Amino acid sequence: MKLDTNPWGRWYEVGDRVFVRRNRTLDVNAGLVLGDQRCLVIDTRSSEREGQELHRAVRSITPAPYTVALTHAHFDHCFGTSVFTDAQPECEVWSHERALAELAVSGVQQRLEISGWLRESGEEVLADELDAVRLILPNRTMSSDDISLDLGGRQVVLHHAGRGHTDNDMVIDVPDAGVTFLGDLVEQGAPPSFDHSYPLDWPATLTRLLERAGPVIVPGHGNPVDPDFVRRQRTEIAEVADLARKLPPGLEDSELEWHANRLAVGGAAGFIALRRAQEHLAELAQLQ
Ligand SMILES: [Zn+2]
């Protein structure tokens with residue numbers, strides 16, 4: 001799919017009544033799926049100001065009541081939720097059950113860390129916006145079983161295929177439109193984000209997802225992609241997992257960097273990925 005060179009802040013219809021809005025901040029995506037009776041908003045962006053902008057954008061398309069689905073517990077996908085629950089107090093907010101647990105534990109910490117980082121970067125206004133975020137926890141959760149939501153004349157399916165970008169990634173399928181929202185299980189325009197990832201599990205998770213994903217795949221960041229793109233990113237993540245299994249444990253940072261710099265995901269992402277993978281290998285070894 002080809003989007004134009006100034007894709008920010010506009011809805012794109014990527015399937016029948018399925019829209020994606022790319023946002024300049026972090027190139028993060030939000031989604032909107034229309035049914036006959038209600039709509040589904042996918043992710044709420046990273047602050048109340050950004051949530052308000054998204055809410056207005058939803059209302060420019062439809063007056064229908066909405067349900068919110070959060071792909072995972074990272075701030076840039078869920079810190080605008082309060083705008084949606086303020087405007088529609090009975091709003092259902094769905095996530096994986098571990099995303100709820102993660103937000104309950106780390107929401108305040110994420111807010112502190114990100115606002116501190118923004119302040120250090122001279123982004124005072126954005127830092128203030130982060131500090132003002134009211135954290136809203138999901139009020140509906142799913143785990144291993146699929147959840148079907150009826151939007152009126154169309155079903156969307158929420159499911160979880162295993163650990164990957166986090167342990168709480170929720171995928172949203174719109175089967176009748178052939179569109180799948182993968183959250184940060186796939187990223188376009190940047191390497192996959194490994195900070196809270198499970199690189200050893202991630203490739204198999206993508207394999208399971210590819211078995212049921214539609215031809216149009218919306219990543220958490222960047223342009224919509226196709227299944228071949230997801231296969232290529234799976235190969236890159238599998239390279240990390242394979243290398244982590246081959247390397248001896250306890251390598252110095254400089255040695256790990258040397259290996260990371262040879263990975264297709266790049267040195268910076270690769271270093272974090274190898275560290276995460278080695279931590280998990282060490283945990284597995286302890287269990288044996
Ligand atoms: Zn993320």
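Residues numbered from 1 in each chain as written. Predicted model: local features only at pLDDT ≥ 70, side-chain atom pairs only at ≥ 80, totals over all residues. Heavy atoms only, no water.

Draft legend 1. Representation of the coordination of the zinc ion in the model. Around the zinc ion, the protein supplies H72 (NE2), H74 (ND1), H165 (NE2) and D184 (OD) as donor atoms, at distances of 2.2 to 2.3 Å. One can describe the site at the zinc ion as irregular: its 4 donor atoms subtend angles covering 89 to 171 degrees at the metal. The sequence motif formed by the donor residues of the zinc ion is H-x1-H-x90-H-x18-D. You can see H165 sitting in the loop between β9 (155-159) and β10 (171-174) and its partner D184 sitting in strand β11 (residues 179-187), a full 19 residues away along the chain. The two residues H165 and D184 agree in class, both being buried. (Donors = N, O, S within 2.8 Å, 3.2 Å for Na, K, Ca; no water. Tetrahedral: all angles 85-135°; square planar, octahedral: opposite > 155°, others 65-115°. Helix = DSSP H or I, 4+ residues; strand = E, 2+ residues; numbered from the N terminus. Buried < 20%, exposed > 50% of the residue type's maximum accessible area, 1.4 Å probe, protein only.)

Draft legend 2. Region of the structure containing the sheet that holds strand β7 (residues 140-142). Ordered in space as β1-β2-β3-β4-β5-β6-β7, the 7 strands form an open sheet in which the pairing is mixed. If you trace the sheet from one side to the other, it starts and ends with β1 (11-15) and β7, each paired once. The mean inter-strand angle of the sheet, taken between neighbouring strand axes irrespective of direction, is 25 degrees. Note: strand β2 (residues 18-22) against strand β3 (residues 29-34), 5 bridges, orientation antiparallel. Opposite R21, over in β3, you have A30 as the bridge partner. Docked against the sheet, helix α4 (residues 97-120) engages β6 (93-96) and β7, running at close to 95 degrees with respect to β6. (Pairing = 2+ DSSP bridges. Axes fitted to C-alpha atoms, helices over the stretch in contact; angles between N-to-C directions. Contact = heavy atoms within 4.5 Å.)

Draft legend 3. Structural detail: the packing of aromatic side chains. Counting across every chain of the model gives 4 aromatic pairs. An angle of 80 degrees between the planes, with centres 5.3 Å apart, marks the rings of Y66 and F84 as edge-to-face. Of this pair, Y66 sits in strand β5 (residues 66-69) while F84 sits in helix α3 (residues 81-87), and the two are 18 residues apart along the sequence. Under the relative-accessibility criterion, Y66 is labelled buried at 1%. Exposure remark for F84: the relative accessible area of 0% places this residue in the buried category. On the basis of an interplanar angle of 65 degrees and a centroid distance of 6.0 Å, the ring pair of F75 and F79 is categorised as edge-to-face. Take F75 and F79: they sit in the same class, and that class is buried. One residue, R262, lies across the ring of W258, its end atom 3.6 Å from the ring centre. Across the ring face of Y198, the terminal group of R276 is positioned such that the distance to the ring centre comes to 5.3 Å. (Phe/Tyr/Trp six-rings, centres within 6.5 Å; stacked < 30°, edge-to-face > 60°. Lys NZ or Arg CZ within 6 Å of the ring centre and 35° of its normal.)

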